[in-house]
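Working through the structure, step by step
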Amino acid sequence: MSKIEILAPVGSEEMLRAAVFSGADAVYLGFSGFNARTGAGNFDADSLKEAVRFCHARGVAVHVALNTTVYGGELAGLADAVRAVAASGADAVICQDLAVAKLIGDIAPQLPRHGSTQMSVHTLQGALELKELGFARVVLARELSLPEVEHITRHCGIETECFVHGALCMCVSGQCYMSAFLGGRSGNRGSCAGPCRLPFEANALPEGKPGRLHHLSLKDNSVIDKLDKLQAIGVASAKIEGRLRTPEYVAAAVSACLAGREGRAYDRDLLKNAFSRSGFTSGYLDGKIDGTMFGVRSEADAELTRKTLPALRELYRRERSRVPVEMKIEIEEGGEKLTVTDGTNKAFAYGDAEPQPARTDPTESLHRSLAKTGGTPFAASAEDITVEMDGGPWFVPGSAVNELRREALDALLKKRETLRPWPVNEVELPPLPLRTLPPHRTLRARFERWEQVPEQALSGVEYLILPIAQADRVPREWREKTLLELPRVMFGALEEDTARRIAATQDEGFAGYEVSNIAHLRLCRGLPMTGGFGLNVTNDLAAQYYADLGLSSVLILPEVKDSDISTIAPTRDGKPVPTGVITYGHMPLMVTRACPLQNIHDCAHCDKTGLLTDRKAKKFPVRCGLGVRTIYNPVPIYMGDKPGALTVDYGVAYFTLESREEAAAILDSIRQHAPFEGEFTRGLYFKGTN
């Protein structure tokens, strides 16, 4: 059984030393401009090379995060970033956007790609699709239970990586738009403002009662005591979250993970004091998703951390001796030679001390002197040290032996620091397309359930979009213009249920399927597919990738600005692939497996609806279904009166909370290009995100 890798976060040079010195097997760090923690101390081309030298000399792997969504104007810079990572010889790239994956495949095809947790992979079919696309590893969603992790790991054919300690987002990673829509800071772009940590009161509808605050703030995840179980089921890597935290936090988590991997006890209180939100939760991995998972960072927590920092610094004050080496010292009348090897590299040191005849055998003393490798990355046991004497025995002063050891190990360290760049291809990016407004634009209407559909108000609607669970409700005469929407997340048995529904509907006259997760591509292989906003398409390269994978149209992520929308123009077989935007709708800001309403009542006393009220008295509707909760923006996007503002082929009226009558009125307003009655937002189409 392979040892599970301990993968530590790095957000600064001091954190790098703390992670490595405390014993991490691998680190992950961000490349400036293209990673999901813009607030961390990220690395540029030069500092990345130094980080790789430092880590590789000590046998530590380096994974580079290029895991944001990318806009069209950034693709040239992204290509330069890929070349820089390849030049550094880093061990892997973590990516979310398929544009990043495509550029790595084109520029540095041997550079391993890891699918970021922001790809929202939480099912076997999603992991299998990544394998087919050439990924070497998938970072699984944090919401999975141990049996779910095991099922994916045992059958997906690529490495799996699981978060074992650190902050938990309330929303499934990659599917959160709350920070972007409330403050213009996109979590998918590395600028999340953390609105889920702010106070939210919960009220259950219809009457409701106020609950306690912070209903979107989860405690930190910690399943280090289950590392041996994750190792046993074949998980390749145990990931610690926290590039925005401190060196002391990293050292505490790595030290605990080393113990947990071996099934040994560790100081949980020390770990808690390093950072917690009033304790930890293991609810997802245990499959016990309830109100005990919620928590906030209190002043008492912060005070404990301040008091604990000096003790935590001791965890990485000295370098850990971890790289096994073999030594051979040869002594003859004229001097000494020490050879040190790590099995691949060799280094030598020569002494000119005049050996003196020894009255007793000096072998044991030489073993002791040469084994004193503390403070270096190297370790040698007595069995790894060979002493050869010509004409001896000879006595060599301890100071001379120590100097030989230092000189040889320094030379070996320098050899191990040699960079080994990945081969790169010369790739020239095509110029960005610049679309003009199509002469004819169409309207699609998405509904949560058939009862919402105002059949009398659908004139001019190109397609209806309904969840696949509603397929039986759709009259046969409407099916040829109805797309069946697949669930963005499919926890538990829902993926198998979705596969059965696809099989049951593929010959029932429907227009096709709307896919919003990488797993859907595999589930619908060979069937008509369109792309939903859950794919997070923000640039032409990703849109083209999806078109090549079979999508007949692509919905652009509503975070994309108008000027960037105009640069997305995929084609297929020489013909344009239509692109679209949401022109009306209460944007689903979060989709969560944990329930914010469980803090005020259990599922048996819930009608699957609720409200969250923020500190500004805005009320966010919550709806429960298919094993998840969806939290909607209180204010809808409306672009109906701006028909020519966005250069796309179709708009989507995205109905969720509306009645049939309200949907009919909104469709009429869109057709007439009429102003919206009531509060609305243009979303991010004219201002974009950070």
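Before reading on, note that the structure itself is shown above.
These lines cover the structure that appears in this document, whether it is placed above or below.

Definitions and limits used
Residues numbered from 1 in each chain as written. Predicted model: local features only at pLDDT ≥ 70, side-chain atom pairs only at ≥ 80, totals over all residues. Heavy atoms only, no water. Helix = DSSP H or I, 4+ residues; strand = E, 2+ residues; numbered from the N terminus. Rg over C-alpha atoms; globule rule 2.2 N^0.38 Å. Buried < 20%, exposed > 50% of the residue type's maximum accessible area, 1.4 Å probe, protein only. Contact = heavy atoms within 4.5 Å. Areas by Shrake-Rupley, 256 points an atom, 1.4 Å probe, with all protein chains shown as cover. Lys, Arg positive; Asp, Glu negative; His and termini not counted. Charge placed at Lys NZ, Arg CZ, Asp CG, Glu CD. Phe/Tyr/Trp six-rings, centres within 6.5 Å; stacked < 30°, edge-to-face > 60°. Lys NZ or Arg CZ within 6 Å of the ring centre and 35° of its normal. Pairing = 2+ DSSP bridges. Axes fitted to C-alpha atoms, helices over the stretch in contact; angles between N-to-C directions. Core = buried A, V, L, I, M, F, W, Y, C linked by side-chain atoms within 4.5 Å. Parallel < 35°, antiparallel > 145°, perpendicular 65-115°, else oblique. Left-handed = near helix turned anticlockwise from the far one by under 90°. Nonpolar A, V, L, I, M, F, W, Y, C, P; charged D, E, K, R; others polar. 1 Å grid on protein atoms, 1.4 Å probe; cavity = no way out; pocket = protein on both sides within 12 Å on 5 of 7 lines; lining within 4 Å. Points joined across faces, edges and corners; volume = space filled by probe spheres on them. Patch = residues over 30% accessible without salt bridge, like charges linked within 9 Å, V, L, I, M, F, W, Y side chains within 5 Å. Salt bridge = Lys/Arg side-chain N within 4 Å of Asp/Glu carboxyl O. Right-handed = clockwise from strand over helix to strand, strands pointing away.

Here we take up the overall build of the protein chain. From N to C terminus, the protein chain includes 19 helices and 34 strands. Taken over the C-alpha trace, the protein chain has a radius of gyration of 29 Å; the compact-globule value for 690 residues is 26 Å, and the two agree within 12%. Taking the principal axes of the C-alpha coordinates as reference, the protein chain spans close to 110 × 55 × 45 Å. In the protein chain, buried positions account for 58% of the 690 residues. Of the contacts made within the protein chain by residues no fewer than 6 positions apart, 72% connect residues no fewer than 24 positions apart. As displayed, the protein chain has an accessible area near 27300 Å², and 49% of this comes from carbon and sulfur atoms. Positive and negative charge centroids in the protein chain, built from 80 and 87 side chains respectively, lie 3 Å apart.

Before going further, it helps to spend a moment on the packing of aromatic side chains. Counting across every chain of the model gives ten aromatic pairs. Pairing Y638 with F680 gives two aromatic rings, centres 6.1 Å apart and planes at 80 degrees, and the pair type is edge-to-face. Residue Y638 is located in strand β33 (residues 637-638), and its partner F680 is located in the segment after α19 (660-671); the two are separated by 42 residues in the primary sequence. Following the ring pairs from residue to residue traces out a cluster consisting of F447, Y584, Y638, F655, F676 and F680. The ring of Y249 carries R245 above its face, with NZ or CZ at 4.9 Å from the centroid. Looking at R245, its charged tip hangs above the ring of F275, at a distance of 3.6 Å from the centre.

Each strand in a sheet pairs with its neighbour through backbone hydrogen bonds, running either in the same direction (parallel) or in the opposite one (antiparallel). Across the sheet, four strands lie side by side as β15-β14-β13-β18; this open sheet has mixed pairing. In the strand order of this sheet, the two ends are held by β15 (346-351) and β18 (385-389), each with one partner. Sheet twist, expressed as the mean angle between neighbouring strand axes with direction ignored, is 15 degrees. Across six bridges, strand β14 (residues 335-341) lies against β15 in antiparallel orientation. Paired with L338 across the two strands is A349, which belongs to β15. Seen against the sheet, helix α13 (residues 363-370) touches β13 (326-332), β14 and β18 and runs at an angle of roughly 135 degrees to β18. With respect to the sheet, helix α14 (residues 398-416) is in contact with β13, β14 and β15, its orientation differing from that of β15 by roughly 155 degrees.

A separate point is the environment of K687. By the secondary structure assignment, K687 is in the segment after α19. Spatially, the C-alpha atom of K687 lies 28 Å from that of S217, the residues being 470 residues apart in sequence.

Attention now moves to the nonpolar core. One finds L230, F447 and L464 to be the most contacted residues of the largest nonpolar core, which totals 188 residues. The leading source of residues in this core is helix α9 (residues 247-261), at ten residues. Excluding residues that lie within four positions of it along the chain, L230 makes contacts with I4, L146, V149, V164, V235 and L285. Core analysis: the next-biggest nonpolar cluster, separate from the first, contains 25 residues, L370, A380, A400 and L404 among them.

The subject of this paragraph is the packing of helix α1 (residues 13-21) against α9. Contact pair α1 / α9: the axes reach a minimum separation of 8 Å and the direction vectors enclose 20 degrees. The angle between α1 and α9 falls in the class roughly parallel. The two elements α1 and α9 meet at a crossing, and its hand is right-handed. Contacts between α1 and α9 pair E14, M15, A18 and A19 from the former with P247, V250, A251 and V254 from the latter. A breakdown of the residues in the contact of α1 with α9 according to their chemical character gives seven nonpolar, no polar and one charged.

So, on to the layout of surface pockets. Gaps left between atoms are located by rolling a probe of water-molecule size over the structure's atoms. Of the pockets and cavities examined, the second largest pocket occupies roughly 730 Å³. R446, E448, P467, E485 and L626 are, among the 37 residues lining the second largest pocket, the residues nearest its centre. The set of elements that each furnish at least two residues to the lining of the second largest pocket consists of β21 (461-467), α15 (494-505), β29 (588-592), β31 (619-625), β32 (628-632) and β34 (650-654). For the lining of the second largest pocket, the element with the highest residue contribution is α15, accounting for four residues.

Here the focus is a negative patch on the surface. Together, E332, E333, D352, E354 and D390 make up a region of like negative charge exposed at the surface. Considering the arrangement of structural elements, one finds D390 in the loop between β18 and β19 (394-395). When its relative accessible area of 51% is taken as the criterion, D390 is described as exposed.

Summarising burial for strand β25 (residues 551-555): four of the five residues are buried, a large majority. One ladder, built from two bridges, connects strand β24 (residues 529-531) with β25; its direction is parallel. Looking at the pairing, G531 lines up with V554 of β25. In this fold, β24 hands off to helix α17 (residues 540-548), which returns the chain to β25; that crossover is right-handed. Looking at chain direction, β25 and strand β28 (residues 579-585) are connected through two bridges and run parallel.

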